[in-house]
Amino acid sequence: MQLSSLPSNIQTPYYYYNIELLEETLRLVLDESKRYNYHVHYAIKANANPVLLKLISGQGFGADCVSGNEVSCALECGFPANQVVYAGVGKSDQEIELALKNDIFCFNCESLPEIEVINEIAQRMDKKVRIAIRVNPNVDAHTHHYITTGIEENKFGVYLYDLEHVITELVKLPHIELIGLHFHIGSQITDMTAFRGLCIRANEIQAKMKEKGMVLPHINFGGGLGIDYQSPETNPIPDFKAYFETFAKFFEPQPNQQIHFELGRSIIAQCGSLISKVLYIKEGKKRKFAILDAGMNDLLRPALYQAYHKIENISSDKLEEKYDVVGPICESSDCFGKDITLNATQRGDMIAIRSAGAYGETMASRYNLRNLPQSLFSK
Ligand code: LLP
(Lines give C-alpha, C1' and ligand atoms only; values in the text may rest on other atoms or scores of the structure.)
Protein backbone atom coordinates (compact mmCIF):
# COMPACT_ATOMS: atom_id res chain seq x y z
CA MET A 1 0.00 0.00 0.00
CA GLN A 2 1.23 3.49 -0.88
CA LEU A 3 1.44 5.83 2.09
CA SER A 4 -0.78 8.27 0.22
CA SER A 5 -3.60 5.72 0.11
CA LEU A 6 -3.66 5.05 3.85
CA PRO A 7 -7.19 5.38 5.24
CA SER A 8 -7.85 8.74 6.88
CA ASN A 9 -10.52 7.49 9.25
CA ILE A 10 -8.16 5.61 11.59
CA GLN A 11 -7.26 7.26 14.88
CA THR A 12 -3.81 8.83 14.60
CA PRO A 13 -1.01 8.69 15.56
CA TYR A 14 -0.16 5.13 14.62
CA TYR A 15 2.77 3.16 13.29
CA TYR A 16 2.25 1.82 9.81
CA TYR A 17 4.33 -1.17 8.74
CA ASN A 18 4.92 -2.14 5.15
CA ILE A 19 4.99 -5.92 5.45
CA GLU A 20 6.05 -6.50 1.84
CA LEU A 21 9.18 -4.42 2.45
CA LEU A 22 9.91 -6.27 5.67
CA GLU A 23 9.57 -9.63 3.90
CA GLU A 24 11.87 -8.51 1.12
CA THR A 25 14.40 -7.24 3.66
CA LEU A 26 14.31 -10.51 5.59
CA ARG A 27 14.81 -12.48 2.37
CA LEU A 28 17.86 -10.42 1.55
CA VAL A 29 19.37 -10.77 5.02
CA LEU A 30 18.93 -14.54 4.78
CA ASP A 31 20.32 -14.78 1.25
CA GLU A 32 23.40 -12.72 2.07
CA SER A 33 24.12 -14.29 5.47
CA LYS A 34 23.55 -17.89 4.38
CA ARG A 35 26.27 -17.43 1.76
CA TYR A 36 28.74 -17.66 4.64
CA ASN A 37 26.66 -19.80 6.98
CA TYR A 38 26.19 -16.89 9.38
CA HIS A 39 23.45 -16.94 12.05
CA VAL A 40 21.34 -13.81 12.42
CA HIS A 41 19.47 -13.00 15.63
CA TYR A 42 16.91 -10.22 15.35
CA ALA A 43 17.44 -7.56 18.07
CA ILE A 44 14.03 -7.44 19.76
CA LYS A 45 14.75 -4.04 21.30
CA ALA A 46 14.44 -2.41 17.88
CA ASN A 47 10.78 -3.35 17.60
CA ALA A 48 8.87 -5.86 19.68
CA ASN A 49 5.50 -5.65 17.95
CA PRO A 50 4.21 -9.26 18.14
CA VAL A 51 2.89 -9.26 14.56
CA LEU A 52 6.35 -8.37 13.28
CA LEU A 53 8.12 -10.73 15.68
CA LYS A 54 6.01 -13.69 14.53
CA LEU A 55 6.82 -12.88 10.95
CA ILE A 56 10.54 -12.63 11.67
CA SER A 57 10.69 -15.81 13.78
CA GLY A 58 8.77 -17.60 11.02
CA GLN A 59 11.65 -16.93 8.64
CA GLY A 60 14.09 -18.80 10.88
CA PHE A 61 15.84 -15.92 12.63
CA GLY A 62 17.12 -16.18 16.19
CA ALA A 63 16.45 -13.46 18.78
CA ASP A 64 18.73 -11.08 20.64
CA CYS A 65 17.20 -10.02 23.95
CA VAL A 66 18.20 -7.52 26.62
CA SER A 67 15.67 -8.16 29.37
CA GLY A 68 13.72 -11.01 30.90
CA ASN A 69 10.56 -9.63 29.33
CA GLU A 70 12.22 -9.65 25.91
CA VAL A 71 13.21 -13.28 26.44
CA SER A 72 9.59 -14.19 27.32
CA CYS A 73 8.27 -12.15 24.41
CA ALA A 74 10.70 -13.79 21.97
CA LEU A 75 9.64 -17.27 23.10
CA GLU A 76 5.94 -16.39 22.95
CA CYS A 77 6.41 -15.08 19.41
CA GLY A 78 7.96 -18.30 18.18
CA PHE A 79 11.73 -17.82 18.42
CA PRO A 80 13.18 -21.17 19.49
CA ALA A 81 14.95 -21.04 22.88
CA ASN A 82 18.07 -22.55 21.35
CA GLN A 83 18.38 -19.49 19.12
CA VAL A 84 17.88 -16.89 21.84
CA VAL A 85 20.83 -14.86 23.13
CA TYR A 86 20.53 -12.59 26.12
CA ALA A 87 22.76 -9.55 26.72
CA GLY A 88 22.77 -6.56 29.07
CA VAL A 89 25.09 -5.01 31.65
CA GLY A 90 22.57 -5.34 34.46
CA LYS A 91 20.64 -8.61 34.45
CA SER A 92 18.60 -9.06 37.62
CA ASP A 93 18.47 -12.37 39.49
CA GLN A 94 14.87 -12.92 38.38
CA GLU A 95 15.80 -12.30 34.75
CA ILE A 96 18.71 -14.72 34.96
CA GLU A 97 16.45 -17.39 36.50
CA LEU A 98 13.86 -16.91 33.79
CA ALA A 99 16.40 -17.27 31.00
CA LEU A 100 17.95 -20.30 32.71
CA LYS A 101 14.58 -21.96 33.18
CA ASN A 102 13.92 -21.57 29.47
CA ASP A 103 17.31 -22.98 28.55
CA ILE A 104 18.24 -20.21 26.12
CA PHE A 105 21.21 -20.64 23.83
CA CYS A 106 23.62 -18.19 25.41
CA PHE A 107 24.04 -15.38 27.95
CA ASN A 108 26.23 -12.55 26.67
CA CYS A 109 27.99 -11.46 29.85
CA GLU A 110 29.58 -8.14 30.55
CA SER A 111 31.49 -8.48 33.85
CA LEU A 112 32.97 -11.03 36.24
CA PRO A 113 30.57 -10.12 39.07
CA GLU A 114 27.67 -10.87 36.72
CA ILE A 115 29.17 -14.22 35.70
CA GLU A 116 29.68 -15.15 39.36
CA VAL A 117 26.02 -14.43 40.12
CA ILE A 118 24.91 -16.48 37.11
CA ASN A 119 27.10 -19.33 38.36
CA GLU A 120 25.47 -19.17 41.82
CA ILE A 121 21.96 -19.13 40.40
CA ALA A 122 22.81 -21.98 38.02
CA GLN A 123 24.19 -23.98 40.93
CA ARG A 124 20.96 -23.47 42.83
CA MET A 125 19.00 -24.63 39.79
CA ASP A 126 21.44 -27.45 39.11
CA LYS A 127 22.25 -26.27 35.60
CA LYS A 128 25.27 -25.51 33.50
CA VAL A 129 25.07 -22.20 31.63
CA ARG A 130 26.47 -21.36 28.22
CA ILE A 131 27.94 -17.89 28.21
CA ALA A 132 29.83 -15.65 25.84
CA ILE A 133 31.97 -12.81 27.12
CA ARG A 134 31.00 -9.48 25.67
CA VAL A 135 34.31 -7.89 24.89
CA ASN A 136 34.67 -4.13 24.66
CA PRO A 137 37.05 -4.11 21.70
CA ASN A 138 37.92 -0.42 21.91
CA VAL A 139 36.93 0.14 18.29
CA ASP A 140 35.29 3.49 17.60
CA ALA A 141 32.13 3.15 15.53
CA HIS A 142 32.09 6.90 14.75
CA THR A 143 28.37 7.13 15.28
CA HIS A 144 26.27 9.25 17.68
CA HIS A 145 27.94 9.23 21.12
CA TYR A 146 24.74 7.94 22.75
CA ILE A 147 24.83 4.81 20.59
CA THR A 148 28.58 4.14 20.54
CA THR A 149 29.25 1.17 22.77
CA GLY A 150 32.60 -0.33 21.87
CA ILE A 151 35.14 2.09 23.33
CA GLU A 152 36.68 1.98 26.78
CA GLU A 153 34.79 4.98 28.10
CA ASN A 154 31.50 3.08 27.67
CA LYS A 155 30.01 0.88 30.39
CA PHE A 156 29.72 -2.06 28.02
CA GLY A 157 31.64 -5.30 27.90
CA VAL A 158 34.81 -6.63 29.45
CA TYR A 159 37.70 -4.29 28.72
CA LEU A 160 40.60 -5.73 26.74
CA TYR A 161 43.06 -5.24 29.59
CA ASP A 162 40.77 -7.30 31.83
CA LEU A 163 39.90 -10.11 29.45
CA GLU A 164 42.62 -12.56 30.43
CA HIS A 165 41.85 -12.14 34.13
CA VAL A 166 38.11 -12.66 33.55
CA ILE A 167 38.72 -15.83 31.56
CA THR A 168 41.14 -17.22 34.17
CA GLU A 169 38.55 -16.67 36.88
CA LEU A 170 35.48 -17.88 35.04
CA VAL A 171 36.95 -21.21 33.94
CA LYS A 172 37.06 -22.02 37.66
CA LEU A 173 33.28 -21.66 37.95
CA PRO A 174 31.72 -25.14 37.73
CA HIS A 175 28.31 -24.08 36.39
CA ILE A 176 29.63 -21.86 33.61
CA GLU A 177 30.56 -23.05 30.14
CA LEU A 178 32.38 -20.43 28.09
CA ILE A 179 31.29 -20.93 24.49
CA GLY A 180 32.08 -17.67 22.76
CA LEU A 181 33.01 -14.04 22.46
CA HIS A 182 30.48 -11.31 21.81
CA PHE A 183 31.01 -7.80 20.44
CA HIS A 184 28.77 -4.86 19.63
CA ILE A 185 30.44 -1.57 18.79
CA GLY A 186 27.44 0.68 18.25
CA SER A 187 24.44 1.38 16.09
CA GLN A 188 23.62 3.24 12.85
CA ILE A 189 27.06 2.46 11.42
CA THR A 190 27.23 3.03 7.68
CA ASP A 191 30.98 3.01 7.18
CA MET A 192 32.20 -0.56 6.76
CA THR A 193 35.70 0.37 7.96
CA ALA A 194 34.38 0.31 11.56
CA PHE A 195 33.37 -3.33 11.06
CA ARG A 196 36.69 -4.08 9.40
CA GLY A 197 38.36 -2.65 12.52
CA LEU A 198 36.21 -4.94 14.65
CA CYS A 199 37.24 -8.00 12.58
CA ILE A 200 40.90 -7.15 12.93
CA ARG A 201 40.56 -6.70 16.69
CA ALA A 202 38.67 -9.99 16.96
CA ASN A 203 41.46 -11.72 15.02
CA GLU A 204 44.04 -10.33 17.44
CA ILE A 205 42.06 -11.49 20.46
CA GLN A 206 41.55 -14.95 18.97
CA ALA A 207 45.25 -15.27 18.15
CA LYS A 208 46.18 -14.47 21.75
CA MET A 209 43.65 -16.93 23.11
CA LYS A 210 44.85 -19.60 20.72
CA GLU A 211 48.40 -19.16 22.00
CA LYS A 212 47.00 -20.16 25.37
CA GLY A 213 45.26 -23.15 23.81
CA MET A 214 41.77 -21.68 23.91
CA VAL A 215 39.50 -21.81 20.87
CA LEU A 216 35.82 -20.98 21.34
CA PRO A 217 33.08 -22.33 19.08
CA HIS A 218 31.04 -19.11 18.73
CA ILE A 219 31.75 -15.50 17.77
CA ASN A 220 28.95 -12.93 17.87
CA PHE A 221 29.56 -9.58 16.18
CA GLY A 222 26.41 -7.87 17.49
CA GLY A 223 24.47 -5.50 15.28
CA GLY A 224 24.91 -1.94 14.18
CA LEU A 225 24.42 -1.79 10.42
CA GLY A 226 22.92 1.61 9.62
CA ILE A 227 20.18 2.67 7.24
CA ASP A 228 19.61 5.63 4.92
CA TYR A 229 17.37 8.01 6.87
CA GLN A 230 17.71 10.69 4.18
CA SER A 231 16.31 8.67 1.27
CA PRO A 232 14.07 5.84 2.43
CA GLU A 233 12.50 5.48 -1.04
CA THR A 234 15.73 5.12 -2.97
CA ASN A 235 17.43 3.01 -0.29
CA PRO A 236 14.73 0.98 1.41
CA ILE A 237 17.05 -1.97 2.06
CA PRO A 238 20.52 -1.58 3.59
CA ASP A 239 23.57 -3.05 1.92
CA PHE A 240 23.60 -6.44 3.66
CA LYS A 241 25.87 -7.79 0.94
CA ALA A 242 28.66 -5.34 1.75
CA TYR A 243 28.10 -5.83 5.47
CA PHE A 244 28.45 -9.61 5.56
CA GLU A 245 31.18 -9.50 2.92
CA THR A 246 33.25 -7.30 5.25
CA PHE A 247 33.22 -10.00 7.92
CA ALA A 248 33.86 -12.77 5.39
CA LYS A 249 36.84 -10.86 4.08
CA PHE A 250 38.48 -9.60 7.25
CA PHE A 251 37.55 -12.00 10.03
CA GLU A 252 39.56 -15.20 10.25
CA PRO A 253 37.36 -17.83 11.85
CA GLN A 254 38.78 -20.88 13.57
CA PRO A 255 37.77 -24.26 12.11
CA ASN A 256 34.04 -24.97 12.65
CA GLN A 257 33.55 -21.70 14.43
CA GLN A 258 29.99 -20.38 14.14
CA ILE A 259 29.49 -16.67 13.48
CA HIS A 260 26.48 -14.78 14.81
CA PHE A 261 24.99 -11.31 14.27
CA GLU A 262 22.32 -9.32 16.11
CA LEU A 263 20.67 -6.98 13.65
CA GLY A 264 17.88 -4.65 14.68
CA ARG A 265 17.62 -1.33 12.89
CA SER A 266 18.75 -2.57 9.47
CA ILE A 267 15.95 -5.17 9.46
CA ILE A 268 13.02 -3.18 10.78
CA ALA A 269 13.59 0.58 10.44
CA GLN A 270 12.60 1.26 6.84
CA CYS A 271 9.33 -0.67 6.86
CA GLY A 272 7.82 1.57 9.54
CA SER A 273 6.39 5.10 9.40
CA LEU A 274 4.73 7.08 12.13
CA ILE A 275 1.48 8.42 10.72
CA SER A 276 0.05 11.50 12.28
CA LYS A 277 -2.46 14.28 11.57
CA VAL A 278 -1.87 18.01 11.61
CA LEU A 279 -3.84 19.59 14.43
CA TYR A 280 -2.98 23.22 13.77
CA ILE A 281 -0.81 25.46 11.70
CA LYS A 282 0.56 28.20 13.90
CA GLU A 283 2.20 31.24 12.37
CA GLY A 284 5.24 32.43 14.29
CA LYS A 285 7.16 35.63 13.51
CA LYS A 286 9.79 33.93 11.44
CA ARG A 287 8.40 30.45 10.96
CA LYS A 288 5.30 28.37 10.60
CA PHE A 289 4.72 25.51 12.97
CA ALA A 290 2.90 22.39 11.87
CA ILE A 291 1.59 21.00 15.14
CA LEU A 292 1.00 17.25 14.91
CA ASP A 293 -1.04 14.88 17.04
CA ALA A 294 2.12 12.74 17.38
CA GLY A 295 4.72 13.74 19.94
CA MET A 296 8.08 12.78 21.34
CA ASN A 297 6.32 10.17 23.44
CA ASP A 298 5.40 8.34 20.20
CA LEU A 299 8.80 8.75 18.53
CA LEU A 300 11.61 9.83 20.83
CA ARG A 301 14.60 9.67 18.47
CA PRO A 302 14.54 13.28 17.19
CA ALA A 303 14.23 14.70 20.73
CA LEU A 304 16.76 12.35 22.30
CA TYR A 305 19.44 12.08 19.60
CA GLN A 306 18.57 14.99 17.32
CA ALA A 307 17.97 12.19 14.85
CA TYR A 308 16.82 13.02 11.35
CA HIS A 309 13.66 11.35 10.01
CA LYS A 310 12.26 12.29 6.66
CA ILE A 311 8.86 13.96 7.03
CA GLU A 312 6.22 14.03 4.29
CA ASN A 313 2.75 15.42 3.92
CA ILE A 314 1.05 12.43 2.32
CA SER A 315 -2.26 14.15 1.70
CA SER A 316 -1.23 17.38 -0.02
CA ASP A 317 0.23 18.08 -3.43
CA LYS A 318 0.17 21.85 -3.11
CA LEU A 319 3.24 24.04 -3.56
CA GLU A 320 6.00 23.44 -1.06
CA GLU A 321 6.53 25.58 2.04
CA LYS A 322 8.75 25.39 5.09
CA TYR A 323 7.58 24.34 8.53
CA ASP A 324 8.89 23.45 11.92
CA VAL A 325 7.16 20.15 12.55
CA VAL A 326 6.39 19.76 16.24
CA GLY A 327 4.34 17.66 18.62
CA PRO A 328 1.85 18.60 21.33
CA ILE A 329 4.04 17.77 24.35
CA CYS A 330 5.07 20.39 26.89
CA GLU A 331 8.77 20.32 25.98
CA SER A 332 10.65 22.41 23.45
CA SER A 333 12.54 19.30 22.40
CA ASP A 334 9.24 17.88 21.14
CA CYS A 335 10.19 18.73 17.61
CA PHE A 336 10.45 16.30 14.69
CA GLY A 337 12.30 18.69 12.39
CA LYS A 338 13.02 22.36 11.83
CA ASP A 339 12.68 24.16 8.50
CA ILE A 340 11.20 21.11 6.80
CA THR A 341 9.93 21.43 3.25
CA LEU A 342 6.40 20.07 2.96
CA ASN A 343 3.63 20.47 0.43
CA ALA A 344 1.49 23.31 1.77
CA THR A 345 -0.05 21.93 4.90
CA GLN A 346 -3.33 22.51 6.70
CA ARG A 347 -5.29 21.14 9.63
CA GLY A 348 -6.30 17.53 9.03
CA ASP A 349 -3.47 16.68 6.64
CA MET A 350 -1.74 13.35 7.13
CA ILE A 351 1.97 13.37 7.87
CA ALA A 352 4.35 10.41 7.58
CA ILE A 353 7.54 10.37 9.60
CA ARG A 354 9.63 7.83 7.77
CA SER A 355 12.16 5.15 8.75
CA ALA A 356 10.55 4.87 12.16
CA GLY A 357 10.25 1.09 12.37
CA ALA A 358 13.29 0.73 14.63
CA TYR A 359 13.43 2.24 18.13
CA GLY A 360 10.10 3.98 17.50
CA GLU A 361 7.32 1.91 18.98
CA THR A 362 9.64 0.29 21.55
CA MET A 363 10.78 3.65 22.91
CA ALA A 364 7.29 5.14 23.03
CA SER A 365 6.01 6.19 26.45
CA ARG A 366 2.89 7.49 28.08
CA TYR A 367 4.49 10.83 28.96
CA ASN A 368 1.81 13.48 29.56
CA LEU A 369 -0.45 10.43 30.05
CA ARG A 370 -0.91 10.16 26.34
CA ASN A 371 -2.02 6.87 24.79
CA LEU A 372 0.58 4.58 23.30
CA PRO A 373 0.53 4.62 19.49
CA GLN A 374 -1.37 1.82 17.77
CA SER A 375 -0.09 -0.09 14.74
CA LEU A 376 -1.41 -0.87 11.28
CA PHE A 377 0.02 -3.36 8.77
CA SER A 378 -0.04 -3.38 5.00
CA LYS A 379 -1.31 -6.96 5.01
N1 LLP B 1 23.25 -6.10 20.03
C2 LLP B 1 23.45 -5.34 21.12
C3 LLP B 1 24.22 -5.88 22.23
C4 LLP B 1 22.93 -4.05 21.17
O5 LLP B 1 23.15 -3.30 22.23
C6 LLP B 1 22.18 -3.54 20.07
C7 LLP B 1 21.62 -2.19 20.10
C8 LLP B 1 21.97 -4.39 18.97
C9 LLP B 1 22.53 -5.65 18.97
C10 LLP B 1 21.19 -3.97 17.75
O11 LLP B 1 21.79 -2.91 17.10
P12 LLP B 1 21.25 -2.37 15.70
O13 LLP B 1 21.46 -3.46 14.65
O14 LLP B 1 19.82 -2.05 15.86
O15 LLP B 1 22.08 -1.17 15.44
N16 LLP B 1 17.79 3.65 20.55
C17 LLP B 1 18.90 3.93 19.66
C18 LLP B 1 19.66 2.68 19.29
C19 LLP B 1 20.18 1.94 20.49
C20 LLP B 1 20.88 0.67 20.12
C21 LLP B 1 21.14 -0.15 21.33
N22 LLP B 1 21.76 -1.40 21.09
C23 LLP B 1 18.37 4.64 18.43
O24 LLP B 1 17.18 4.91 18.36
O25 LLP B 1 19.14 4.99 17.54
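Residues numbered from 1 in each chain as written. Predicted model: local features only at pLDDT ≥ 70, side-chain atom pairs only at ≥ 80, totals over all residues. Heavy atoms only, no water.

### Focus on the site of the ligand
1) Next: Lining the immediate environment of the ligand, one finds 18 residues, of which S187, E262, R301, Y305 and Y359 sit closest.
2) Next: Here a nitrogen atom of the ligand and a side-chain polar atom of E262 are 2.6 Å apart.
3) Next: One of the side-chain nitrogen or oxygen atoms of Y359 is found 2.6 Å away from an oxygen atom of the ligand.
4) Next: For the ligand, whose unbound accessible area comes to 580 Å², protein coverage reaches 92%. (Near = heavy atom within 4 Å. Polar contact = N/O pair within 3.5 Å; in protein donor to acceptor, adjacent residues only side chain to side chain. Areas by Shrake-Rupley, 256 points an atom, 1.4 Å probe, with all protein chains shown as cover.)

### Considerations on the layout of surface pockets
1) Next: When its volume is computed, the second largest pocket comes out at roughly 370 Å³.
2) Next: What lines the second largest pocket is a set of 13 residues, and nearest its centre among them are L163, E164, I205, K208 and M209.
3) Next: Elements supplying a minimum of two residues to the lining of the second largest pocket: α6 (160-170) and α7 (192-211).
4) Next: Take the lining of the second largest pocket: its biggest share by element is six residues, from α7.
5) Next: A class-by-class count of the residues in the lining of the second largest pocket yields six nonpolar, one polar and six charged. (1 Å grid on protein atoms, 1.4 Å probe; cavity = no way out; pocket = protein on both sides within 12 Å on 5 of 7 lines; lining within 4 Å. Points joined across faces, edges and corners; volume = space filled by probe spheres on them. Helix = DSSP H or I, 4+ residues; strand = E, 2+ residues; numbered from the N terminus. Nonpolar A, V, L, I, M, F, W, Y, C, P; charged D, E, K, R; others polar.)

### Some thoughts on the domain arrangement of the protein
By a widespread convention, an interface's size corresponds to the accessible area lost as its parts come together.
1) Next: Here the domain parsing of the protein yields domain 1 (3-13 + 270-377) and domain 2 (19-269).
2) Next: Taking only C-alpha atoms into account, the centre of domain 1 sits 33 Å from that of domain 2.
3) Next: Contacts between the two partners involve 22 residues from domain 1 and, on the opposite side, 26 residues from domain 2.
4) Next: Ranking the residues of domain 1 by area buried against domain 2 places Q270, Y359 and F377 at the top, with a combined share of 34%.
5) Next: Our count for the contact surface shared by domain 1 and domain 2 stands at two salt bridges.
6) Next: Taken together, domain 1 and domain 2 are joined by 15 residue pairs in polar contact (both at pLDDT 80 or more).
7) Next: Taken together, the elements giving at least two residues each to the side of domain 1 that touches domain 2 come down to α10 (301-305) and β17 (374-377).
8) Next: Examining the composition of the side of domain 1 that touches domain 2, we find that three residues originate from one element, α10, more than from any other.
9) Next: Residues of the side of domain 1 that touches domain 2, tallied by class, amount to eight nonpolar, nine polar and five charged. (Domains from an automatic or database assignment. Contact = heavy atoms within 4.5 Å. Buried area = accessible area lost by both parts, 1.4 Å probe. Salt bridge = Lys/Arg side-chain N within 4 Å of Asp/Glu carboxyl O.)

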